[in-house]
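Working through the structure, step by step
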Amino acid sequence: MAESKIAIYGAIGANVAIAVTKFVVAGITGSSAMLSEGIHSAVDTFNGVLLLVGLRLSKRPATVEHPFGHGKELYFWSLIVAVLIFGLGGGVSFYEGVQHIRNPEPMRDATWNYIVLAAAALFEGTSFFIALKQFRAQARGQPFWQALDRSKDPTTYTVLAEDSAALVGLAVAALGIYLSHALDMPALDGVASVVIGVLLAGVAVLLIAQARGLLIGEGIRPETARAIRAIAMEQPDVEDVGHVLSMYIGPDEALVIVDVNFKDDTPTGDAADAIAAIEKQVRARFPMIKRIFVEASDAPVAAAEKQASDL
């Protein structure tokens, strides 16, 4: 979690400086695209604060009401962040762009816009590479896109998504400002704002989909479930393995329930040893599985009952 906080702090610091500068220059130059970029940076700043809140709340210990802890707090707050990106970032930028297209105003001075966009690209790029470095460390050598798809830590991939959208948005804003000024077509500045709004909405939809899956109980990957089943089948007293039920209850914590069928006349003690061995091996191979429950579908025979039957 410490690594995630570094990425968030880097994003907040960059966005505060950029947002203030963009709003000032938007007021001086009258650029709609620059105003949209200012809104975007302000929303990203607030989003970073919400992610820190989610991180703090998710670390609270388990209680009677929440026996598995509060890890899903982070998924809830990441969903709120995605909704804000969609509504405030994408929606307001789109609205501002449409208004500027309907009532275009000539840009008064484009020079300051370019200076601010260049500075913003520097800050956003720095924030992006900080987040990327943390993400690479968490990926542990996995290919980037595969690690991104498998990541269950919304703090890192949300910052990556926001910074990526910000860098693309800066390029769109620069192009819109340039064409608006060079072709003397103020409406193109509004078109750039609309494109930025659509871009933010698209990123938000992807983040919402990811948060939704984790909130409603996304489980471990199929290949992980197959590996757990194979570990259980290695036990000599195990005849078959049924369902492997799972759910992420935090960015680095999963709950797994394994349904095991023991062979007929398996003593209770041997079954208990097999269950302990399965749990130990699964935890050693998959550290994120901190809670594992092995259930015996067919109850093993008690030792006393087995001895009586032998007589």
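1. Details of the overall build of the chain
Helices and strands together make up the secondary structure of the chain, namely ten helices and three strands. Overall, the chain shows an N-to-C arrangement of helices and strands of α-α-α-α-α-α-α-α-β-β-α-β-α. The C-alpha atoms of the chain give 26 Å as radius of gyration, which overshoots the globular expectation for 311 residues (19 Å, by more than 25%). The C-alpha extent of the chain, read off along each of the three principal axes, is 100 × 35 × 30 Å. Here the chain, with 311 residues, has 45% of them falling under the buried criterion. In the chain, of all internal contacts separated by at least 6 residues, the share reaching a separation of at least 24 is 75%.

2. Structural notes on the pairing of strand β1 (residues 238-250)
Here β1 pairs with strand β2 (residues 253-262) via nine bridges, running antiparallel. Looking at β2, one finds that D240 is bridged to N261. Hairpin geometry of β1 and β2 is characterised by an intervening segment of two residues between the two adjacent antiparallel strands.

3. Comments concerning the layout of surface pockets
Here the second largest pocket defines a volume of roughly 450 Å³. Along the walls of the second largest pocket sit 14 residues, with W145, L148, Y157, A161 and L206 positioned nearest its centre. Within the residue set of the lining of the second largest pocket, elements represented by two or more residues are α5 (144-150), α6 (154-182) and α7 (187-215). Of all the elements, α6 adds the most residues to the lining of the second largest pocket, at five residues.

4. Side note on the nonpolar core
With 71 residues, the main nonpolar core has I220, I228, V256, V258, V282 and I289 as its most contacted residues. Excluding residues within four positions of it along the chain, V256 makes contact with I220, I228, V244, L245, S246, I289, R291, I292 and F293.

5. Details of the confidence of the model for the chain
Should the pLDDT be low somewhere, the predicted coordinates at that spot are not to be read in detail. Per-residue pLDDT for the chain has a mean of 83; in total, 93% of the residues score no lower than 70. Averaged pLDDT values for the elements of the chain fall to 45 in helix α10 (residues 303-310) and rise to 93 in helix α8 (residues 222-233).

6. A few points about a nonpolar patch on the surface
A cluster of nonpolar side chains, contributed by V16, V20, V24, I28, W112 and I115, occupies part of the molecular surface with about 550 Å² of accessible area. When residues of the nonpolar patch are traced back to their parent elements, those giving at least two are α1 (2-29) and α4 (111-139). If one sorts the elements of the nonpolar patch by residue count, α1 sits on top with four residues. Tracing the backbone shows I115 in helix α4. Take I115: its relative accessible area is 46%, and that puts it in the partly exposed class.

7. Comments concerning the packing of aromatic side chains
In the structure shown here, the tally under the stated rule is two aromatic pairs. Seen in terms of ring centroids, F76 and W77 are 5.2 Å apart; in terms of plane orientation they differ by 80°. Their pairing is edge-to-face. When its relative accessible area of 19% is taken as the criterion, W77 is described as buried. Consider the rings of F128 and F129, whose centres lie 5.6 Å apart with planes at 75°: the pair is edge-to-face.

Rules of the game
- Residues numbered from 1 in each chain as written.
- Predicted model: local features only at pLDDT ≥ 70, side-chain atom pairs only at ≥ 80, totals over all residues.
- Heavy atoms only, no water.
- Helix = DSSP H or I, 4+ residues; strand = E, 2+ residues; numbered from the N terminus.
- Rg over C-alpha atoms; globule rule 2.2 N^0.38 Å.
- Buried < 20%, exposed > 50% of the residue type's maximum accessible area, 1.4 Å probe, protein only.
- Contact = heavy atoms within 4.5 Å.
- Pairing = 2+ DSSP bridges.
- 1 Å grid on protein atoms, 1.4 Å probe; cavity = no way out; pocket = protein on both sides within 12 Å on 5 of 7 lines; lining within 4 Å.
- Points joined across faces, edges and corners; volume = space filled by probe spheres on them.
- Core = buried A, V, L, I, M, F, W, Y, C linked by side-chain atoms within 4.5 Å.
- pLDDT = per-residue confidence, 0-100.
- Patch = residues over 30% accessible without salt bridge, like charges linked within 9 Å, V, L, I, M, F, W, Y side chains within 5 Å.
- Areas by Shrake-Rupley, 256 points an atom, 1.4 Å probe, with all protein chains shown as cover.
- Salt bridge = Lys/Arg side-chain N within 4 Å of Asp/Glu carboxyl O.
- Phe/Tyr/Trp six-rings, centres within 6.5 Å; stacked < 30°, edge-to-face > 60°.

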